[in-house]
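Descriptive analysis of the structure
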Amino acid sequence: MSSAASETPKTLQAFKTGGRIVIVGASLAGLRAAEALRAAGFTGHLTMIGDEADEPYDRPPLSKQVLAGWVPASHTKLPRVRAVDAEWRLGVAATGLDRAAKVVRLANGDEVGFDRLLIATGVRARQWPNRDEAALDGVYTLRTSTDAARLRNALAARPKRVLVIGAGFIGSEVASVCRDLGLEVTVAERADTPLAGALGGVIGAVAADMQREHGVDLRTGVGVSALEGDARGHVRAARLSDGTTLEVDVVLASLGSIRNIEWLDGAGLAAGFWGVGCDAGCRAFDINGVVTDNIFVAGDIARSPHVLYEYQFMAMEHWDNAVLGAEVAGHNMVSDETRRRPHLLVPGFWSGQFGINIKSVGVPSFGDEILLTQGSFESRRFAAAYGRRGRIVGAVTFDYGKWLQFYGEQIQRSGPFPPPAAGFDRPADARPVPADFPARGVPTGIPDVVLTGHDPNERSAEYRPRGH
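So, here's what we can say about the structure. (Residues numbered from 1 in each chain as written. Predicted model: local features only at pLDDT ≥ 70, side-chain atom pairs only at ≥ 80, totals over all residues. Heavy atoms only, no water.)

**Description of the overall build of the protein**
Within the protein, the regular secondary structure consists of nine helices and 30 strands. For the protein, whose C-alpha radius of gyration is 23 Å, the value lies close to the compact-globule estimate of 23 Å for 468 residues. Overall, the protein is about 65 × 65 × 60 Å in size when its C-alpha atoms are taken along their principal axes. Across the 468 residues that make up the protein, the buried fraction comes to 56%. Long-range contacts, defined as pairs at least 24 residues apart, comprise 66% of the intrachain contacts of the protein with a sequence gap of at least 6. Taken as a whole, the protein presents about 20000 Å² of accessible surface, with 49% of it coming from carbon and sulfur. Treating the 51 positive side-chain charges of the protein as one cloud and the 54 negative ones as another, the clouds have centres 3 Å apart. (Helix = DSSP H or I, 4+ residues; strand = E, 2+ residues; numbered from the N terminus. Rg over C-alpha atoms; globule rule 2.2 N^0.38 Å. Buried < 20%, exposed > 50% of the residue type's maximum accessible area, 1.4 Å probe, protein only. Contact = heavy atoms within 4.5 Å. Areas by Shrake-Rupley, 256 points an atom, 1.4 Å probe, with all protein chains shown as cover. Lys, Arg positive; Asp, Glu negative; His and termini not counted. Charge placed at Lys NZ, Arg CZ, Asp CG, Glu CD.)

**As for the pairing of strand β27 (residues 381-388)**
Counting buried positions along β27 gives six out of eight residues, so the element sits mostly inside the fold. Pairing between strand β26 (residues 369-376) and β27: seven bridges, direction antiparallel. Bridged to Ser-376 within β27 is Arg-381. Turn length for the β26-β27 hairpin, with the two strands adjacent in sequence and antiparallel, is four residues, and the turn residue Arg-380 shows positive phi of about 60 degrees. Two strands pair when backbone bridges link them, and β27 and strand β28 (residues 391-398) are joined in this way by seven bridges, in the antiparallel orientation. Residue pairing for β28: Ala-383 is matched across the bridge by Thr-397. The turn joining β27 and β28, which pair antiparallel and follow one another in sequence, is formed by two residues; a positive phi near 55 degrees is taken by Arg-389. (Pairing = 2+ DSSP bridges.)

**Section: the sheet that holds strand β14 (residues 235-240)**
Strand order across the open sheet formed by three strands is β13-β14-β15, with antiparallel pairing between neighbours. Every other strand in the sheet has two partners, leaving β13 (224-229) and β15 (245-247) as the edge strands with one partner each. Sheet twist, expressed as the mean angle between neighbouring strand axes with direction ignored, is 20 degrees. In this structure, β13 lies alongside β14, joined through five bridges in antiparallel fashion. Directly across from Gly-229, in β14, lies its bridge partner Val-235. (Axes fitted to C-alpha atoms, helices over the stretch in contact; angles between N-to-C directions.)

**Quick notes on the pattern of salt bridges**
Counted by the stated rule, this structure contains 20 salt bridges. Among the ionic pairs, Arg-143 bridges to Asp-300, the shortest N-O distance being 3.4 Å. In this pair, Arg-143 sits in the loop between β9 (139-140) and α5 (145-156) while Asp-300 sits in the loop between β21 (291-297) and β22 (302-305), placing the two residues 157 residues apart along the sequence. Taken together, the shared-partner salt bridges in this structure form one network comprising Glu-87, Arg-89 and Asp-110. (Salt bridge = Lys/Arg side-chain N within 4 Å of Asp/Glu carboxyl O.)

**Concerning the environment of Gly-233**
Mapped onto the elements, Gly-233 comes out in the loop between β13 and β14. Along the sequence, Gly-233 and Asp-132 sit 101 residues apart, while their C-alpha atoms lie 9.8 Å from each other.

**Thoughts on the packing of helix α2 (residues 28-39) against helix α8 (residues 319-333)**
The interhelical angle for the contact between α2 and α8, taken along N-to-C directions, is 35 degrees, at an axis separation of 7 Å. Crossing geometry of α2 relative to α8 is assigned as right-handed. Across the interface between the two elements, Leu-28, Ala-29, Arg-32, Ala-33, Ala-36 and Leu-37 of α2 pack against Trp-319, Ala-322, Val-323, Ala-326, Glu-327, Gly-330, His-331 and Met-333 of α8. (Left-handed = near helix turned anticlockwise from the far one by under 90°.)

**Topic: the environment of Gly-362**
Tracing the sequence through the fold places Gly-362 in strand β25 (residues 356-362). Its relative accessible area of 5% is what places Gly-362 among the buried residues. Residues Gly-362 and Tyr-386, 24 residues apart in the sequence, show an inter-C-alpha distance of 9.0 Å. Setting aside residues up to four positions removed in sequence, Gly-362 forms contacts with Tyr-309, Val-346, Pro-347, Val-393, Gly-394 and Ile-411.

**Quick look at α2**
A rise of 1.5 Å per residue sets the reference length of α2, with its 12 residues, at 16 Å; its end C-alpha atoms lie 16 Å apart and thus fit the reference within 8%. Burial analysis of α2 places 11 of its 12 residues in the buried class, the great majority of the element. Within the span of α2, buried status applies to Leu-28, Ala-29, Gly-30, Leu-31, Arg-32, Ala-33, Ala-34, Glu-35, Ala-36, Leu-37 and Arg-38. Where α2 is buried, its residues touch β1 (20-24), β2 (45-50), β3 (87-90), β7 (116-119) and α8. (Expected span 1.5 Å × (residues − 1).)

**Describing a nonpolar patch on the surface**
Together, Val-307, Tyr-311 and Leu-344 give the surface a local cluster of nonpolar side chains, amounting to about 280 Å² of exposed area. If you trace the backbone, Leu-344 turns up in the loop between α8 and β24 (348-353). The class of Leu-344 is partly exposed, set by a relative accessible area of 36%. (Patch = residues over 30% accessible without salt bridge, like charges linked within 9 Å, V, L, I, M, F, W, Y side chains within 5 Å.)

**Observations concerning the sheet that holds strand β19 (residues 275-277)**
Here five strands make up an open sheet; going across it, the order is β18-β19-β22-β23-β30 and the pairing mixed. At either margin of the open sheet sits one strand with a lone partner, and together these are β18 (271-272) and β30 (449-451). The sheet contact formed by β18 and β19 spans two bridges and is antiparallel. Looking at the pairing, Ala-271 lines up with Val-276 of β19.

**So, the side chain of Arg-340**
Looking at the element boundaries, Arg-340 is found in the loop between α8 and β24. With a relative accessible area of 18%, Arg-340 lands in the buried category. A polar contact is formed between the side chain of Arg-340 and the backbone oxygen of Asn-332, at a distance of 3.1 Å. (Polar contact = N/O pair within 3.5 Å; in protein donor to acceptor, adjacent residues only side chain to side chain.)

**Some details on the pairing of β24**
As defined by bridge partners, β24 adjoins β25 across six bridges and the pair is classed as antiparallel. Looking at β25, one finds that Phe-349 is bridged to Ser-360. The hairpin turn running from β24 into β25, its antiparallel successor, is two residues long, and Phe-354 in that turn takes a positive phi close to 55 degrees.

**Some thoughts on the nonpolar core**
Core analysis: the biggest nonpolar cluster contains 72 residues, and Leu-199, Ile-203, Tyr-309 and Phe-398 have the highest contact counts within it. When near neighbours in sequence (up to four residues on either side) are disregarded, Tyr-309 contacts Met-314, Gly-362, Val-363, Phe-366, Arg-391, Val-393, Ile-411 and Leu-451. Core analysis: the second largest hydrophobic core is formed by 26 residues, Leu-46, Ala-322, Val-323 and Met-333 among them. (Core = buried A, V, L, I, M, F, W, Y, C linked by side-chain atoms within 4.5 Å.)

Purely spatial values, then, with no claim about function.
In structure tokens:
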């Protein structure tokens with residue numbers, strides 16, 4: 001097939017009817033991209049490759065409804081918007097990419113050829129770093145439906161104490177579920193507050209008070225030095241960095257995520273810690289910053305520049321990013337360049353914990369100031385805006401989500417900070433204060449949306465004079 005940039009309507013139509021597209025990553029982004037391809041008129045051969053044996057399922061319920069026992073983990077499969085008519089290669093991981101030969105190599109030795117490729121391999125849970133301790137019975141991570149089913153069974157067995165290591169959104173949601181179930185739970189967080197990486201220390205202090213009010217034994221500024229097991233290999237204790245020891249029988253390591261880029265080693269793509277660099281139209285960059293024609297990226301693993309945030313590359317681990325990015329990628333894979341669309345989502349997320357609905361829009365962690373704009377921290381019902389260099393860049397609400405659209409529109413217009421007054425219930429004397437985001441380096445403090453600079457490859461060139 002000819003390159004996408006030079007396609008005529010005739011060759012494009014020939015590709016749509018006779019081309020081969022491979023999607024590596026059979027989760028939310030992969031499924032929605034496959035549906036978008038079919039909706040855009042692609043009738044050629046479509047292959048879906050996924051390392052999990054399960055069909056695509058929804059992940060947000062895993063840390064909420066599944067752990068609470070409301071929904072079995074096996075009942076979280078994603079609804080199909082339309083038939084994708086694909087060849088499914090599930091339960092086998094991609095292990096390599098040969099761009100010159102246009103083949104994806106699989107763990108079972110097979111090779112799958114393609115004309116165009118979508119990379120949607122997402123992220124995996126960061127494991128507890130000590131392998132022997134991670135292998136103890138009762139030590140869990142939470143990313144897959146299998147993880148959720150195992151942890152749900154452990155909670156249903158009524159452990160004496162649960163230890164959650166890390167107070168990001170997943171860790172905080174699990175702590176909330178534990179308290180709803182009447183379980184004793186300790187949360188150990190190396191940062192000064194929960195949710196500090198995503199929302200900063202000011203909101204983190206509110207979250208800390210909320211956790212303690214609901215009976216969580218919250219330990220901040222504290223790490224876990226070691227996990228100890230009994231003679232049968234079940235976890236029984238945790239030693240903390242402050243010298244204390246806790247008796248625990250269930251441990252959740254909620255340490256953030258790792259992007260699944262190892263299978264791309266040697267492929268010559270701009271793949272690194274933050275994912276795979278791509279343009280706003282989802283086309284992957286190579287290691288020299290040159291955009292490729294036939295390789296696209298979507299979902300948690302995509303890292304692309306955003307016009308609202310100084311054209312810095314942004315990586316997002318959000319549900320709507322996976323869906324909308326996949327739809328843009330699917331459309332662009334079968335469109336000529338004049339009809340391609342940008343994926344310039346203003347990020348948004350929600351979290352339910354301790355009876356509070358937390359919602360956010362924009363990139364709070366890009367801000368250096370925060371202003372309480374409506375309600376009060378004491379009531380746990382408020383809206384707050386984040387600013388940087390005189391403009392609004394993010395907002396968060398606690399049980400005040402109906403105002404989120406207003407702040408989202410301000411962010412999209414690069415509105416001023418402080419923003420104009422919104423609605424009612426405005427504080428009498430609110431002033432901007434430092435947002436208090438932690439320095440980078442604490443895994444649990446990495447936000448779900450992160451700006452990663454302007455270099456698509458994150459590599460520094462080093463000049464070495466040629467020897468004589």
